[in-house]
Amino acid sequence: MVVWPVELHGTTPHGDEVVLDALRRSDRHEWTRVRSLNRDWLGPWEATAPEQDPRPVSFAGLVRHYRSEARAGRMLPFTIRTDGRLVGQVVLFGISWGSLLSAAAGYWVDQEVAGRGVVPTALALAGDHAFGALGLHRLEVNIRPENANSLAVVRKLAFRDEGVRAAYLHIDGQWRDHRTFALTTEDLGGHTLAERLHSNHTSHIGDTPPHVPEGPSRAT
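Each chain carries its own residue numbering, running from 1 in the written order of its sequence. Two thresholds apply to this predicted model, a pLDDT of at least 70 for residue-level local features and 80 or more for giving and counting side-chain atom pairs, whereas whole-chain, interface and lining totals are computed over all residues. Excluded from the side-chain calculation are hydrogens and water; included are all heavy atoms of the structure.

Participant: I would appreciate a short explanation of the environment of Asp187 in the present structure.
Facilitator: Along the chain, Asp187 turns up in helix H6 (residues 185–188). Remark: the alpha-carbon pair of Asp187 and Phe159, spanning 28 residues in sequence, is separated by 8.6 Å. In what follows, residue pairs with any heavy atoms lying within 4.5 Å of each other are defined as contacts. Excluding residues within four positions of it along the chain, Asp187 makes contact with Arg160, Ala182 and Arg196. A helix here means a DSSP run of H or I that spans at least four residues, while a strand means a run of E at least two residues long, and both kinds are numbered starting from the N terminus.

Participant: Explain the sheet that holds strand E8 (residues 174–184) to me, please; I cannot follow it from the model alone.
Facilitator: Strand pairing in a sheet is mediated by backbone hydrogen bonds. Such pairs are either parallel or antiparallel. Here, any two strands with at least 2 DSSP bridges between them count as paired. Taking strand neighbours across the sheet as the criterion, the eight strands line up as E1-E2-E3-E4-E5-E6-E8-E7 in an open arrangement whose pairing is mixed. Since the sheet does not close on itself, it has two edges, and those belong to strand E1 (8–11) and strand E7 (160–171), each with one partner. Within this sheet the neighbouring strands show an average axis-to-axis angle of 30°, counted without direction. Sheet analysis places E7 next to E8, joined by seven bridges and oriented antiparallel. In the strand pairing of E8, Val164 is matched with Arg179. A fitted line through C-alpha atoms represents every axis, and for helices the fit uses only the stretch in contact; the resulting angles, taken between N-to-C directions, go from 0 to 180 degrees. Across the sheet, helix H3 (residues 59–71) is in contact with strand E3 (75–82) and strand E4 (85–96); its angle to E3 comes to roughly 125°. Lying over the sheet, helix H5 (residues 148–156) contacts strand E5 (102–109), strand E6 (138–143) and E8, oriented at roughly 160° with respect to E6.

Participant: What exactly am I supposed to notice about a positive patch on the surface here?
Facilitator: Grouping into patches uses exposed residues only, defined as over 30% relative accessible area, and leaves out salt-bridged ones; the cut-off is 9 Å for like charges and 5 Å for nonpolar side chains (Val, Leu, Ile, Met, Phe, Trp, Tyr). Values of accessible area rely on a 1.4 Å probe in the Shrake-Rupley scheme; residue burial ignores everything except the protein chains shown. When a carboxyl oxygen of Asp or Glu is within 4 Å of a side-chain nitrogen of Lys or Arg, the pair counts as a salt bridge. Counted as positive: Lys and Arg. Counted as negative: Asp and Glu. His and the chain ends are not counted at all. For this purpose, a charge sits on NZ of Lys, CZ of Arg, CG of Asp or CD of Glu. Among the surface-exposed residues, Arg25, Arg64, Arg67 and Arg71 lie close enough to one another that they form a single positively charged patch. Along the polypeptide, Arg64 turns up in helix H3. Residue burial is assigned from relative accessible area. The probe radius is 1.4 Å, only protein chains are included, and a residue is buried under 20% of its type maximum, exposed over 50%, and partly exposed in between. Under the relative-accessibility criterion, Arg64 is labelled partly exposed at 45%.

Participant: Any chance you could explain the environment of Ser199 here in plain terms?
Facilitator: Topologically, Ser199 is positioned in the segment after helix H7 (193–198). The sequence separation of Ser199 and Pro13 amounts to 186 residues, and the corresponding C-alpha distance is 8.8 Å. Pairs of N or O atoms within 3.5 Å make up the polar contacts considered here, provided that, within protein, one atom can donate a hydrogen while the other can accept it, and that residues adjacent in sequence are counted only when both atoms are side-chain atoms. At 2.8 Å, the side chain of Ser199 forms a polar contact with the backbone oxygen of Glu195. A polar atom in the side chain of Ser199 sits 3.2 Å from the backbone oxygen of Arg196.

Here it is, written out as structure tokens:
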């Protein structure tokens, strides 16, 4: 059973508090400001609609959509807050029940807090909630091969690399290849993602391949 809204708390390896909670109508000004300031930073990495003229969604409509999908058990659309302000989102979507018990995760973050461990902490919190309270078995993250910073996130949490999905998502106007990274409860071996992060459990699982140039990256 999915309970929504949910509020999750944690700290980055540097000791900064991270809070995950639901997007509210009162967040409109702050959410719009952060998205506007980071338009160029996020644009190359965010999903786009293949159709030429998708219908725009109001902020109130977005909040309603998130609430409805969360209560139906199909999505957990968390905001990320740190330093007392909204700085991004981590969303568990495509939640499947029955014999699959799986979800995918996507995220974006304000450029001002990039590199401070906020996104790995947020993904760890959301993932631990998925494996614990929701009882899911598998969590995956799909990342463009050029997105070096997002690859670093899954490396820090030791996700398994499951290979490339060709033309997987429509991003920045084109169908783009993605690499799939995943974890199951067996991979965690009784530990949590937060414990992995704070114990500095690192591996080469998510390292950027030698042929991929280092460069700015922001969202899956």
